[in-house]
Amino acid sequence: MTETTTEIISTKMNPNVLPHLHIWEWHIPLYLFLGGLAGGLLIITAIMIVIKRHFGVGPRDEGEGCPCLAVRIGSLLAPVLLGVGMLFLFLDLANKFYVWAFYTTVQPTSPMSAGSWILIAFFPMAVLQAMLVNKKFLRDRNIGVVNKLIDWTEDHLTLVALLNAHIGIGIGIYTGILLSFFYARPLWSSSILGMLFLVSGISSAAALMLLFAPDNEKPIYSKIDVNALWIEMVVLGLFVLGGITGPSNNSGAMMHLIGGDYQMAGMSYMLWFWGIFVALGLVLPMLLEFLEAVGVHIRFPLVAPVLVLIGGLVLRFLIVFAGQTYHTFM
Amino acid sequence: MSRTGSHLSRQSPPASGITLPENKNQNQETMNMNHGRNVNRRDFLKISSLFLAGTAAASYGVGEVLNGSSNAFADENGEKVVYSFCEHCFWRCGIAAHVRDGKIYKITGSEHHPLSNGRLCPRGTGGIGQIYDPDRLAHPLIREKKGGKSTYRKASWDEAITAVAEGFYKTREKYGPGSIAMLHHGYGVSFFKSMFKGIGVNQFAKPSYDFCCGPRREAFNLTYGHPAGTPEGIDIINSKYLIFFGTHYGENMHNTAVQELSEGIRRGLKIVVFDPRFSTIAGKAEKWLPIKPATDIAMMQAIMHVMISENRYDREFVNRYTVGLNELWAEVSEMTPEKAAEITDIPADDIRTIAREFASHAPNAAVHPGRRTNWYSDGTQRVRAIAILNALAGNYKMPGGVVKFDTFDLPKPEAHPHPAFEKECYSKFPFFVKNVSSNTLGSHEIVEKTIEGDIKAWMVYGVNVPETVTFGRKTALEAIDKLDFMVVVDTLPMEVTGYADVVLPECTYLERYDDLDNGRPYRTPFVALRQPVVPPMYDSRPGNEIAKMIAEKWGLHGIFEENVETYLDKRLQKIGSSLAEIKKTGTLVKPETDLYRKPGEALKFKTPSGKIELASAQMKAAGLDSVPRYMRHPEPADGFYRLLTGRKPMLTFGRTANNRFLGELPTAQENEIWMHPDVAAKHDIHLETAGHGQNEPVYVRLKNQDGIVSEFPIKVKITERIRRDSVYMVHGFGHYLKKLSWAYKRGASHNQMISRTEIDPVMGGVGYQNNFVTFIKEA
Amino acid sequence: MADKKNYGMVIDTRVCVGCSACVYACKSENGVPEGYCRDWVVQETKGRFPKLSMENRSERCQHCENAPCVTYCPTRASHYDDNGTVQINRSRCTGCKACLAACPYDARYVHPQGFADKCSLCKHRLDEGLDTACVSVCPTKSLNLVDFNDPENKAERLMNGKEVYRQKDHAGTNPSLYWISARNKPGE
Ligand SMILES: Nc1nc2c(c(=O)[nH]1)N[C@H]1C(S)=C(S)[C@@H](COP(=O)(O)OP(=O)(O)OC[C@H]3O[C@@H](n4cnc5c(=O)[nH]c(N)nc54)[C@H](O)[C@@H]3O)O[C@H]1N2
Ligand SMILES: Nc1nc2c(c(=O)[nH]1)N[C@H]1C(S)=C(S)[C@@H](COP(=O)(O)OP(=O)(O)OC[C@H]3O[C@@H](n4cnc5c(=O)[nH]c(N)nc54)[C@H](O)[C@@H]3O)O[C@H]1N2
Ligand code: SF4
Ligand code: SF4
Ligand code: SF4
Ligand code: SF4
Ligand code: SF4
Ligand SMILES: [Mo]
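Conventions and cut-offs
- The numbers attached to residues start from 1 for each chain and follow its sequence in the written order.
- Written order determines the labels here, with chains lettered from A and ligands numbered from 1.
- Only residues with pLDDT of at least 70 are given local features in this predicted model, and only at 80 or more are side-chain atom pairs given and counted; all residues enter the totals for whole chains, interfaces and linings.
- Neither water nor hydrogens contribute to the side-chain values; these are computed over all heavy atoms in the structure.
- A run of H or I in DSSP becomes a helix once it reaches four residues, and a run of E becomes a strand once it reaches two; helices and strands are each numbered from the N terminus.
- Atoms counted for the radius of gyration: C-alpha only. Globule rule: 2.2 Å times the number of residues to the power 0.38.
- Residues are treated as being in contact if the distance between any of their heavy atoms lies within 4.5 Å.
- To measure how exposed things are, a 1.4 Å probe is used in the Shrake-Rupley method; for residues, cover is taken only from the protein chains shown.
- Only four residue types enter the tally: Lys and Arg on the positive side, Asp and Glu on the negative side; His and the chain ends are excluded.
- Charged side chains are reduced to one point each, which is NZ for Lys, CZ for Arg, CG for Asp and CD for Glu.
- We define buried area as the total accessible area lost by two parts upon association, computed with a 1.4 Å probe and summed across both.
- We define a salt bridge as a side-chain nitrogen of Lys or Arg found within 4 Å of a carboxyl oxygen belonging to Asp or Glu.
- Gly is placed with the polar residues, together with every amino acid not listed as nonpolar (Ala, Val, Leu, Ile, Met, Phe, Trp, Tyr, Cys and Pro) or charged (Asp, Glu, Lys and Arg).
- Criterion used throughout: strands pair if DSSP finds at least two bridges between them.
- Convention adopted: a line fitted to C-alpha atoms gives each axis, helices being fitted over their contacting stretch, and angles between N-to-C directions are expressed from 0 to 180 degrees.
- In this analysis the probe radius is 1.4 Å and the grid spacing 1 Å, with only protein atoms considered; a cavity is a set of points the probe fits into but cannot get out of, a pocket is an open set with protein on both sides within 12 Å along at least five of seven lines, and lining residues have an atom within 4 Å of a point.
- Grid points are joined across faces, edges and corners, and a volume is the space filled by probe spheres set on the points.
- Two distance rules govern patches: like charges are joined within 9 Å, and nonpolar side chains (Val, Leu, Ile, Met, Phe, Trp, Tyr) within 5 Å, applied only to residues with over 30% relative accessible area and no salt bridge.
- Buried, partly exposed and exposed residues are distinguished by accessible area as a fraction of the type maximum, computed with a 1.4 Å probe on protein chains only: under 20%, between the cut-offs, and over 50%, respectively.
- Scored from 0 to 100, pLDDT records how confident the predictor is in each individual residue.
- What a helix is expected to span follows from its residue count: subtract one and scale by 1.5 Å.
- In this description, the arc belongs to the directions extending from the helix axis to the C-beta atoms.
- Throughout, a disulfide means two cysteine sulfur atoms within 2.5 Å of one another.
- Should the near helix be turned anticlockwise from the far one by less than a right angle, the crossing is termed left-handed; should it be turned clockwise, right-handed.
- Note on terminology: near, applied to a residue and a molecule or strand, indicates that one of the residue's heavy atoms is within 4 Å of it.
- Stacked, edge-to-face and tilted are the three classes for Phe, Tyr and Trp ring pairs, Trp counted by its six-membered ring, which pair at centre distances within 6.5 Å; planes under 30 degrees apart are stacked, over 60 edge-to-face, the rest tilted.
- Working definition: roughly parallel below 35 degrees, roughly antiparallel above 145 degrees, roughly perpendicular at 65 to 115 degrees, and oblique for all remaining angles.
- Polar contact is the term for a pair of N or O atoms within 3.5 Å; when the atoms are in protein, one must be able to donate a hydrogen and the other to accept it, and sequence-neighboring residues count only if both atoms are side-chain atoms.

The next thing to look at is the overall build of chain C. Of regular secondary structure, chain C possesses six helices and ten strands. In terms of overall size, chain C behaves like a compact globule, its C-alpha atoms giving a radius of gyration of 17 Å where 188 residues would be expected to give roughly 16 Å. On the principal axes, the C-alpha backbone points of chain C span a range of 50 × 40 × 35 Å. By sequence separation, contacts in chain C at least 24 residues apart represent 57% of the contacts at least 6 residues apart. Of the roughly 6400 Å² of accessible surface on chain C, 47% is carried by carbon and sulfur atoms. Across chain C, the centroid of the 26 positively charged side chains sits 5 Å from that of the 23 negatively charged ones.

What follows covers the interface of chain A and chain C. Across the boundary between the two partners, chain A contributes 46 residues, which contact 50 residues of chain C. Interface area for chain A against chain C, summed over the two sides, is near 3900 Å², with a carbon-plus-sulfur share of 54%. On the chain A side of the contact with chain C, A:K12, A:Y183 and A:F329 bury the most area, a combined 13% of that side's loss. The salt bridge involving A:D92 is made with C:K97; its shortest N-O contact spans 3.2 Å. Here the side of chain A that touches chain C is built from residues that sort into 25 nonpolar, 15 polar and six charged. Relative to strand β2 (residues 40-48) of chain C, strand β1 (residues 6-10) of chain A runs antiparallel, the two sharing five bridges. Across the sheet, the residue bridging to A:S10 is C:V42, located in β2(C).

All names here are of chain B. What the three strands build is an open sheet, ordered β1-β2-β3; its pairing is antiparallel. Since the sheet does not close on itself, it has two edges, and those belong to β1 (79-85) and β3 (103-109), each with one partner. On average, each strand axis in the sheet is inclined to that of its neighbour by 25°, with strand direction left out of account. Examined bridge by bridge, strand β2 (residues 94-100) and β3 share six bridges and lie antiparallel to one another. The partner of H98 across the bridge, within β3, is K106.

Moving on: empty space enclosed by the protein. Using the criterion set out here, one finds eleven cavities of 30 Å³ or more in the structure. Residue lining of the second largest cavity: 19 residues in total, with B:L651, B:A657, B:A668, B:G732 and B:F733 positioned closest to the centre.

Nonpolar side chains collect at one region of the surface, where A:W26, A:L87, A:F90 and A:L91 lie side by side and expose about 350 Å² of accessible area between them. Look at A:W26 and you get partly exposed, because its relative accessible area is 38%.

To continue, consider the confidence of the model for chain C. Predicted confidence across chain C gives a mean pLDDT of 96, with 99% of residues reaching 70 or more. If you check the scores for this complex, the pTM reads 0.93 and the ipTM reads 0.94.

In this section: helix α13 (residues 348-361) of chain B. Residues and elements named next belong to chain B. Helix length check: α13 (14 residues) gives 20 Å between terminal C-alpha atoms against 20 Å at 1.5 Å per residue, within 8%. Those residues of α13 not exposed but buried are A348, D350, I351, I354, A355, F358 and A359. Angular distribution of buried residues about the axis of α13 spans 165°; they occupy a single face of the element. Those residues of α13 that are exposed and aimed more than 90 degrees away from the buried face are D349 and S360.

Time to look at the state of the cysteines. All names here are of chain B. Under the counting rule described, the total for this entry stands at zero disulfides over all chains. Of all cysteine sulfurs in the structure, the one in C86 sits closest to C507, which takes part in no disulfide; the separation is 16 Å. By relative accessible area, C507 is classed as buried at 0%.

Residue and element names in this part refer to chain B. Taken as a whole, chain B shows an average pLDDT of 90; of its residues, 90% reach a score of 70 or greater. Here residues 1-41 is a poorly scored stretch, pLDDT under 50, and it has 71 contacts once near neighbours within four places are set aside; other chains count. Scored below 50 in pLDDT, residues 54-75 shows 41 contacts in the model against residues more than four places distant or in partner chains.

Residue and element names in this part refer to chain B. Strand order in the open sheet made by the seven strands is β5-β4-β15-β14-β13-β6-β7, with mixed pairing throughout. One side of each edge strand has no neighbouring strand; the edge strands of this open sheet are β5 (149-154) and β7 (204-205). Two elements, strand β6 (residues 180-184) and β7, share two bridges in a ladder whose sense is parallel. Residue pairing for β7: L183 is matched across the bridge by A205.

Geometry of a packed helix pair, given as the angle between the helix axes and the separation of the axes. All names here are of chain B. The interhelical angle for the contact between helix α12 (residues 337-344) and α13, taken along N-to-C directions, is 115°, at an axis separation of 8 Å. Of the two elements, α12 crosses α13, and the hand of that crossing is right-handed. Residues P337, E338, A340, A341 and T344 of α12 touch α13, and the partners they reach there are A348, I351 and R352. In the contact of α12 with α13, the residues fall into five nonpolar, one polar and two charged.

Glancing now at the site of ligand 3. Within the structure, ligand 3 sits among B:C86, B:H88, B:C89, B:W91, B:R92, B:C93, B:L120, B:C121, B:R123, B:G124, B:M253 and B:N255. In the shell around ligand 3, the residues fall into seven nonpolar, three polar and two charged.

Between two aromatic rings, the relevant description is the distance of the centres plus the angle of the planes. With the rule as written, the count across this model stands at 43 aromatic pairs over all chains. When the ring of A:W24 is compared with that of A:F182, the centres are 5.8 Å apart and the planes differ by 50°; the resulting orientation is tilted. Of this pair, A:W24 sits in the loop between β1 and α1 (27-55) while A:F182 sits in the loop between α6 (157-180) and α7 (192-212), placing them 158 residues apart in sequence. Grouping residues by exposure puts A:W24 and A:F182 together as buried. With a centroid separation of 5.7 Å and an interplanar angle of 85°, the aromatic rings of B:W288 and C:F49 are classed as edge-to-face. Taken as a pair, B:W288 in strand β10 (residues 287-289) and C:F49 in the loop between β2 and β3 (51-59) lie in two separate chains rather than in one. The same class applies to B:W288 as to C:F49, namely buried. Cluster of aromatic residues (ring-pair linked, three or more members): B:F220, B:Y224, B:F317, B:Y321, B:Y396 and B:F605.

Let us now look at the environment of B:M494. All names here are of chain B. Following the sequence through the fold, M494 ends up in the loop between β14 (485-490) and β15 (502-505). Sequence-wise, M494 and L137 are 357 residues apart; in three dimensions their C-alpha atoms are separated by 9.4 Å. When near neighbours in sequence (up to four residues on either side) are disregarded, M494 contacts N464, G654, H735, L737 and L740.

Once that is clear, we can look at the packing of helix α9 (residues 296-309) of chain B against helix α11 (residues 325-332) of chain B. Residue and element names in this part refer to chain B. Here α9 crosses α11 at 120°, and the two axes come no closer than 9 Å. Comparing the axis directions of α9 and α11 gives the class oblique. Seen from above, α9 lies across α11 with left-handed handedness. Only L325, L328, W329, E331 and V332 of α11 make contact with α9, whose side of the interface consists of Q301, M304, H305, I308 and S309. When the residues that make up the contact of α9 with α11 are grouped by side-chain class, the tally is six nonpolar, three polar and one charged.

Residue and element names in this part refer to chain B. All chains considered together, the criterion is met by 71 salt bridges over all chains. We note a salt bridge from R541 to E545, for which the minimum N-O separation is 3.9 Å. Here R541 falls in the partly exposed class, since its relative accessible area comes to 25%. Each member of the salt-bridge network shares a partner with another, and the members are E87, E506, R512, D514, R530 and R655.

Before going further, it helps to spend a moment on the interface of chain C and chain B. Listed per partner, the contact involves 44 residues of chain C and 47 residues of chain B. Between chain C and chain B, roughly 3800 Å² of surface is buried when both sides are summed, and carbon and sulfur atoms account for 58% of that area. Taken as a group, C:Y24, C:E34 and C:F49 account for 20% of the area that chain C buries against chain B, more than any other trio of residues on that side. Applying the counting criterion to the chain C and chain B interface returns three salt bridges. The salt bridge partner of C:K27 is B:E664, with a shortest N-O separation of 2.6 Å. Where chain C meets chain B, there are 17 residue pairs in polar contact (both at pLDDT 80 or more). Within the residue set of the side of chain C that touches chain B, elements represented by two or more residues are α1 (21-30), β2, β3, α4 (123-126) and α5 (133-137) of chain C. The element that contributes the greatest number of residues to the side of chain C that touches chain B is α1(C), accounting for seven residues. Of the residues assigned to the side of chain C that touches chain B, the class counts are 19 nonpolar, 16 polar and nine charged.

Residue and element names in this part refer to chain B. Structurally, L492 is set in the loop between β14 and β15. Taking the relative accessible area as the measure of exposure, L492 reaches 5% and is therefore buried. Sequence separation of L492 and R172 is 320 residues, and the distance between their C-alpha atoms is 28 Å.

See below:
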């Protein structure tokens, strides 16, 4: 017999609330991942545009100020991925008919509300940037409005790009803040979560760009990725430390994540966290990319970015799930 | 009547396994569903879902009502409230049934009814789960034999009533009225009594007397000259100090008593509980004493010992109003707290303290008589000891003591002339209740007489015999097997219906009139009306109509009024009221009566001595102990544990077993076997954690001292809340009839675990707590 | 301001027997779907045989005065009512479940029809001057509806001199449910 000296009998029975919260399944982690990815892409591509334009640094220009392939695809993917993410968010709504209510309310205290407004800002700006960087293709189509929009963007490119970099940061942080505002869930209630998701979004975005960047463009994204991974490691360390050293609510929750035997898809949180996310998703790709940078030949150069992407995805799933399976604020 | 297997031999297939060759197949078939009995003359019929409410229920919106898609914010038009009284236990609280669009959507406590006082116990709210139970009996059924197999066939009311009238009539012609008996429980039975009396049958028994509160009733009768009553005549609300032996209020949810207790606590009532288990009320007690079960009389004697030897009893009261103190002292003088401590496991100091505190709070202190008092064979003597403790405290008609509530004086309807009865009381027990026409012998006596062949036909009204008649399920089924004819009136396809020749579906208490209720004594005497809230569903009928149809089939006209409304109205007219008047609030209530003794008032008791009988001469004359004596009861062998039982607050055994509305809560879904952690460890029973403060459920089967193994496994509850020599399970689970689509296989049956019973020699109560179980781990 | 209500509850665990009548009453009053509950009963036993203590209590939404469910609701479907309770406007609720995650008491659920749901403190009854369904059924009067703005101060009278607590007070939600501890002696 265990040392229980407290026996609690309860008649409570609400599904998805008991025995632990189970309100968010795969939709939300995917949404957060895609949101982070989109944010990361926007940040990277916007910055690339700015530094190219102002400092001439960066990848090859494909003529007429039209940037390199990776930036072109990245800019295009950002709104698309976010759109897909939002579709998942929408699919998760239990009362879909009332989705309009998000946009008839300004509720600054609600990260969900704030988020839904940031998303609104994201789209037009991201689309403008995507149009501009693909202007060669679009100009051939010669559509009146599109031409006008491209003209306008061209004139304000620095502004648009800088704004986009900020919106990207906002989105990235938002994906973490969304959770960290819920102080009722001890694992989530850490302000570092926003930073962690932002950096993870950037590293994932860089990894994604590595996948489709031509060889000559790869080094820069590899560099971004390694640096982002580094920072991510540091932020993760802070997140874990902050949890462990926090009051029992938070330390318990952190241990539930990093040492927990609770299962996700048949494997314990602990294994997911250390084995998949930290070892395979952070350390190994960092090592691989570092080796590559110092000139060691890697046979499958795509392995590292794929691992980073998996790591980012796993991180979102882990945090969303473990935050729910740990008990409520006590 | 045709019954299966009448060609089979009367003997049970012997345990050695010898069976008549030609019966082999059939034996095997019936064995599969014989649920612990080894006779198969009357096999257990599975009622086909064809005859149940089942699919038809959907059209009544059961799903909707139970799923709660009804919306409290909906338009309030078409709403009505009907006042009636509850039938989820015998307490009979007043209810207000709320109807919307022809459906009852909620039941609340009637603010007009003194027993509910506007409030209800959880079961009272659960009527919607009964009336809209999709498993309800929907049509009369008649047992039929086709090609050697028994089946039920749907019958018209006329066919069914003809079969019933004929069956009983033939039995009576052949063997006399003494060969017919009725087992009953529930308020609708009164019409069936009148019906049977019409043909000279008055052999009626209710398990709710001999398996339940009978010992208490007679103990108070013998001591005070009147029964303890329902609600018990204890002025709980004004009490300063109450002692309970068992009596697990809070789980036993007698509405009014629980209301008074809580008000008492608010006013400063101190509670002491003797219970081997930390019950809910023990959780409210100033002191919980985990007494060794079956030793309560020793404890009571020790308390008497302290009160008398330390001169703490009410001398004046005892001298003036009681007889037999010397005889009592002669018996208890030996029972020192030290001696009792050895017997009961309760330290002598605690015994002294409690005796002194009880005495110091007297006369505003009382020992509660309890209700299900038939624990062992000495139930009457145990409650006698309780009655005596109260007398020593001098609390009779004192605030917070023993009081006598009054009933509403409502003239009885004129009795219809009937043939002379063979006997007024058939019971062989000396102090079995006398002059109560609804209860003329013990239900176990009916079982016995049936097995002996004296009783040939049963009418069963609201008694789920195999799960209730705790003479052992096996014995009950053995008796059923001997019957020539059996009729069951019920609302649900309970186990008992599976053995009947004719099944008559009664509508529920929410769909019918019954007789007026003036049987409950309380502070404000009252009479209450049961009236239909909605019309009967399916092809079910109210008892009053069924009884009338049967009587008329016998050619007896005039026993019943033309209709039940006329009958009720006539009764009410006699007290200057009317059915129309009482329908409005469901009750007529008199002002509060004066319960307390006036200074100098001379008290009279309807005992032979005219006094409270500490020692009972009439018991002595009947060859019984005149004062309560402690006797040792059997103890469990090593590895076995005494099986204790009790209630869950939201359920009433058979009555609510299939009630989905009440059964839905996680705590209501099944019963558990409570065991102390040390007991679990000894049997190598461990709970594996499943995270989130929850454990992987572990199930065991129970095996009793006679080798009976529970048909279904039961969930283990490892808890500090029970002694190491006992285990505990709630009665009313483990139903084996598949047609009870909710109740089937939930938990284990307490009744199945009982194979040893002892009869109380005073009034014939059946004690069944000398059964012991061990555990068989489920693979 | 004086006639503005500020409802809450004082729950006397000394007398609650954990019977669940309040749960059933709520279910039929409010059409709570099968398998869900707006209120629930907890029986907590502490100690070791034979030194045990017990508290029974009927729990539900705390109608926090600083309610995270309201703060985090993106659509203001969750809102403070004029009567001091927290309510959900079903025709603004997206079912995003933010409020479920935000509530430190796990008092909410998602109704099968899609909206978030929880104890409304029977607002429809309060509006008619009635007690809530659970309060009015409770056989022990453990549940007491109180108006903290009531000049007669029933709440104060109920709690006076007793050990009283609020659940997760340190969560800063300022709950409107007060609990008279079962540790109080009878009468005190
Ligand atoms: N909710 C609900 N309430 C009910 C009912 C119901 O089904 N549900 N049924 C009603 C009916 S019909 C009845 S008869 C009553 C029964 O209810 P009670 O009259 O209260 O029944 P008891 O058997 O006295 O109480 C059971 C308690 O007695 C303890 N006990 C067992 N053996 C002993 C012993 O030897 N000594 C002592 N001191 N204690 C012992 C058990 O541990 C258990 O806690 O409840 C009534 N009330
Ligand atoms: N093993 C064991 N046996 C016990 C007990 C125990 O604790 N353990 N307790 C004993 C006690 S205290 C008591 S009081 C008895 C009670 O035992 P019973 O009198 O058998 O009571 P219930 O189990 O409620 O069974 C009632 C039957 O009535 C039916 N019924 C319900 N409503 C109506 C109605 O309106 N009309 C008709 N015609 N039928 C209806 C139900 O469907 C059910 O079949 O059991 C005793 N037997
Ligand atoms: S105590 Fe409960 S079940 Fe019994 S009559 Fe009253 S409300 Fe009905
Ligand atoms: S109805 Fe009252 S006594 Fe029963 S559980 Fe609810 S609060 Fe407690
Ligand atoms: S208890 Fe939960 S649902 Fe209720 S008001 Fe507080 S935070 Fe909101
Ligand atoms: S589920 Fe409804 S009430 Fe809850 S936060 Fe979302 S919109 Fe608001
Ligand atoms: S106040 Fe109303 S809604 Fe809230 S728990 Fe009580 S009955 Fe249910
Ligand atoms: Mo009983």
